[in-house]
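Topology and contacts: notes
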Amino acid sequence: LVHLVLSQDHTIRQQVQRIMELDREIERFEARTHFDRMKMHGVNYVQETYLVGTASDKGSASDSNPPSDQFSQEELFADYAQKCDEVLLLQEQISRQEEAMEQITVQIQEELNKRWMERRQEELSSKEQESSLSDSGADQGGDESQLLFEQEQVKTELSASL
């Protein structure tokens, strides 16, 4: 039962990690799509798409805009597009660094667990040797120490899972 729980925990962790990766990919795709649409249709493409019915009201307001204002809007758009590119690059760098951190964390945890298990195994083997030297019933002591070792191993796996 414990091994089943640990296996399920491992599977769930893998699925959560995959979901997070997919979420990051979706966010990047949406940002790129938004950026491409801004390049094609302008900064306010969303508003213009949903306000198609009010185009007659908008006509009189757009006639009052001076030409210099339109030039500054183009500069603002170019600046905004550049900043969007920079944000996308930063997001990709962050996600790569987060993935690297997750891998390092897993490696560290595995190494700690491995060292703890080795130390615990050494302790149990030394206790086993002591009990075999002191008692003639070493078979029972060996079985008990093996059970203790397995019990400690399961406890370690459960605490790591938590």
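The written sequence of each chain sets the order in which its residues are numbered from 1. Per-residue local features are limited, in this predicted model, to residues with pLDDT of at least 70; the limit for side-chain atom pairs, both in listing and counting, is 80 or more; totals at the level of whole chains, interfaces and linings are taken over all residues. Side-chain metrics rest on all non-hydrogen atoms present in the structure, leaving aside hydrogens and water.

- As named in an unreviewed UniProt entry, the protein is Ras association domain-containing protein 10, taken from Xenopus gilli.

Describing the environment of Met117
- Inspection of the secondary structure puts Met117 in helix α4 (residues 67–134).
- The exposure class assigned to Met117 is buried, which follows from its relative accessible area of 16%.
- Separated by 35 residues in the primary sequence, Met117 and Glu152 have C-alpha atoms spaced 8.7 Å apart.
- The contact rule is simple, with two residues in contact once any of their heavy atoms fall within 4.5 Å. Among all residues touching Met117, those that are not within four sequence positions of it are Phe149, Gln153 and Thr156. Numbering of helices and strands runs from the N terminus, with a helix taken as a DSSP run of H or I at least four residues long and a strand as a DSSP run of E at least two residues long. The classification of residues rests on relative accessible area computed with a 1.4 Å probe and restricted to protein chains. Under 20% of the type maximum is buried, over 50% is exposed, and intermediate values are partly exposed.

What about the UniProt feature "coiled-coil region" (unreviewed entry) in the protein?
- UniProt positions are given in the numbering used here, feature names are shortened, and annotations may be inferred rather than shown by experiment. UniProt feature "coiled-coil region" (unreviewed entry): in the numbering of this structure it lies at residues 87–114.
- Taken as a whole, residues 87–114 contains 100% helix and 0% strand, while its terminal C-alpha atoms sit 40 Å from one another.

A look at the pattern of salt bridges
- Should a side-chain nitrogen of Lys or Arg be within 4 Å of a carboxyl oxygen of Asp or Glu, the pair is scored as a salt bridge. Throughout the structure, instances matching the rule amount to 8 salt bridges.
- One salt bridge connects Arg13 with Asp9, and the closest N-O pair in it is separated by 3.0 Å. Taken as a pair, Arg13 and Asp9 lie in helix α1 (residues 2–41) at a separation of 4 residues, close to a single helical turn.
- Its relative accessible area of 21% is what places Asp9 among the partly exposed residues.
- Residue Glu99 pairs with Arg24 through a salt bridge whose shortest N-O separation is 3.7 Å. You can see Glu99 sitting in helix α4 and its partner Arg24 sitting in helix α1, a full 75 residues away along the chain.
- Residue Glu99 is classed as partly exposed on the basis of its relative accessible area, which comes to 31%.
- Each of the salt bridges in this network shares a partner with another, and the network as a whole consists of Arg24, Glu98 and Glu99.

Quick look at the layout of surface pockets
- Think of a 1 Å grid over just the protein atoms. A cavity is a set of points where a 1.4 Å probe fits yet cannot get out, a pocket is an open set with protein on both sides within 12 Å along at least five of seven lines, and lining residues have an atom within 4 Å of a point. Grid points are joined across faces, edges and corners, and a volume is the space filled by probe spheres set on the points. Put simply, the largest pocket is a space of about 810 Å³.
- If you list the elements that add at least two residues to the lining of the largest pocket, you get α1, α4 and α5 (138–161).
- Ten residues, namely Ala, Val, Leu, Ile, Met, Phe, Trp, Tyr, Cys and Pro, are considered nonpolar, four, namely Asp, Glu, Lys and Arg, are considered charged, and the remaining ones, Gly among them, are considered polar. Residue composition of the lining of the largest pocket, by class: 5 nonpolar, 10 polar and 5 charged.
- In this entry, domain limits derive from an automatic or database-based domain assignment. Split by domain, the residues of the lining of the largest pocket number at least three in each of domain 1 (1–42) and domain 2 (74–131).

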